[in-house]
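Structural description and commentary
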Amino acid sequence: RIISSSTWKINNLAIFFLNLMIFGWTAGLIILGIVFTFGKRLQALTWGLIWIFQPLTAVFFPVTVLPPALQWLAYALPPTYTFEAARAALTSTVVNWQYAAIGFAENLVYFFLALWFFYFMWRRSKNSGQFARNEAWGRRIYVSTCSSAELGSVVLEYGGEEITKLNNTWIQ
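Since the model is a prediction, treat every value here as computed from it, not as a measurement. (Residues numbered from 1 in each chain as written. Predicted model: local features only at pLDDT ≥ 70, side-chain atom pairs only at ≥ 80, totals over all residues. Heavy atoms only, no water.)

Tracing the chain through its elements places T57 in the loop between α2 (43-56) and α3 (68-74). Within polar-contact distance, the side chain of T57 engages the backbone oxygen of Q54 at 3.3 Å. The residues touching T57, leaving out its near neighbours within four places in the chain, are L77, P79, T80 and F83. (Helix = DSSP H or I, 4+ residues; strand = E, 2+ residues; numbered from the N terminus. Polar contact = N/O pair within 3.5 Å; in protein donor to acceptor, adjacent residues only side chain to side chain. Contact = heavy atoms within 4.5 Å.)

Here it is in structure tokens:
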């Protein structure tokens, strides 16, 4: 039975997609663990981490263009094998099983490390109270008790900011 060229291209795409999807889950778990532990103040930095990976994973150019030290670092990241195999698949219908296997193996190792990291950071954020302070879990309003001298005033904490209501006027 002869398999058409389009079938091979779909198989290649499925393998590439699976490897990139697992790496995306891994990066997401790491980023979520950081956000849970340190709150939203580091959220912009964590999302910027994804952009650091692009030059190192051969998204735009072959790994051979990088200096030798960065090539070593690039091959430590699973998407590098995916993009190198995808680049090779442009000229051939053969699946580069060696690169697919290496990328998949690295993905599994990093995914289980990311699961452990996420669990560690989640427990740390729960123990420190940061988990409850994160705004990502809904907007909670905390009402503090008022002393007799402050009768008629209510102090609210909303999203980390303290807001006081004195004589029906909200003061921030």
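After presenting the structure, the write-up continues.
The subject of this paragraph is the layout of surface pockets. Considered as a void within the structure, the second largest pocket measures approximately 250 Å³ in volume. Of all elements in the fold, only α1 (5-38), α2 and α5 (97-128) reach the threshold of two or more residues within the lining of the second largest pocket. Of all the elements, α1 adds the most residues to the lining of the second largest pocket, at five residues. Along the lines of polarity and charge, the residues of the lining of the second largest pocket split into twelve nonpolar, one polar and no charged. (1 Å grid on protein atoms, 1.4 Å probe; cavity = no way out; pocket = protein on both sides within 12 Å on 5 of 7 lines; lining within 4 Å. Points joined across faces, edges and corners; volume = space filled by probe spheres on them. Nonpolar A, V, L, I, M, F, W, Y, C, P; charged D, E, K, R; others polar.)

This brings us to empty space enclosed by the protein. To locate leftover empty space, one rolls a probe as large as a water molecule over the atoms. One pass over the full model with this rule turns up one cavity of 30 Å³ or more. Of the voids in this model, the largest cavity is the one considered here, and its volume is about 30 Å³. Classifying every residue of the lining of the largest cavity gives five nonpolar, three polar and no charged.

Quick look at the packing of helix α4 (residues 78-89) against α5 now. Here α4 crosses α5 at 160°, and the two axes come no closer than 8 Å. Classified by the angle between their axes, α4 and α5 sit roughly antiparallel to one another. The way α4 lies across α5 gives a crossing that is left-handed. Here P78, Y81, E84 and A85 of α4 lie close against α5, whose contacting residues are Y99, I102, G103, E106, N107 and Y110. (Axes fitted to C-alpha atoms, helices over the stretch in contact; angles between N-to-C directions. Parallel < 35°, antiparallel > 145°, perpendicular 65-115°, else oblique. Left-handed = near helix turned anticlockwise from the far one by under 90°.)

What follows is about the pattern of salt bridges. Considering all chains together, one arrives at one salt bridge under this definition. Taking the shortest distance from any N to any O, the salt bridge between R87 and E84 comes out at 2.7 Å. Residue R87 and its partner E84 are both found in helix α4; the two are separated by three residues, about one turn of the helix. A residue is classified by how much of its surface remains accessible, and E84, at 14% relative accessible area, is buried. (Salt bridge = Lys/Arg side-chain N within 4 Å of Asp/Glu carboxyl O. Buried < 20%, exposed > 50% of the residue type's maximum accessible area, 1.4 Å probe, protein only.)

The next subject is α5. The terminal C-alpha atoms of α5 lie 46 Å apart, and with 32 residues this matches the ideal 46 Å at 1.5 Å per residue to within 8%. By the burial criterion, the buried members of α5 are A100, G103, E106, N107, F111, A114, F118, M121 and S125. Where α5 terminates, the next one or two residues include G129, which has phi positive at roughly 90°. (Expected span 1.5 Å × (residues − 1).)

Turning to the nonpolar core, a few remarks are in order. If you look at the biggest cluster of nonpolar residues, it comprises six residues: I22, L29, F36, F111, A114 and F118. Where this core is concerned, the elements lending two or more residues are α1 and α5. Residues within four places of L29 in sequence aside, it is in contact with F111, A114, L115 and F118. (Core = buried A, V, L, I, M, F, W, Y, C linked by side-chain atoms within 4.5 Å.)

Let us look at the packing of aromatic side chains. We describe a pair of aromatic rings using the distance from one ring centre to the other and the angle between the two ring planes. In this structure the tally under the stated criterion is eight aromatic pairs. Aromatic side chains F23 and F53 sit 5.5 Å apart centroid to centroid with 85° between the ring planes, which places their arrangement in the edge-to-face category. Here F23, found in helix α1, pairs with F53, found in helix α2; they are 30 residues apart in sequence, far enough to count as distant. Judged by relative accessible area, which is 13%, F23 ranks as buried. Classification of F53 by relative accessible area gives partly exposed; the value is 28%. With centroids separated by 5.4 Å and ring planes inclined at 45°, the aromatic side chains of Y75 and Y81 adopt a geometry described as tilted. Among the residues examined, Y75 registers a relative accessible area of 25% and is labelled partly exposed. (Phe/Tyr/Trp six-rings, centres within 6.5 Å; stacked < 30°, edge-to-face > 60°.)

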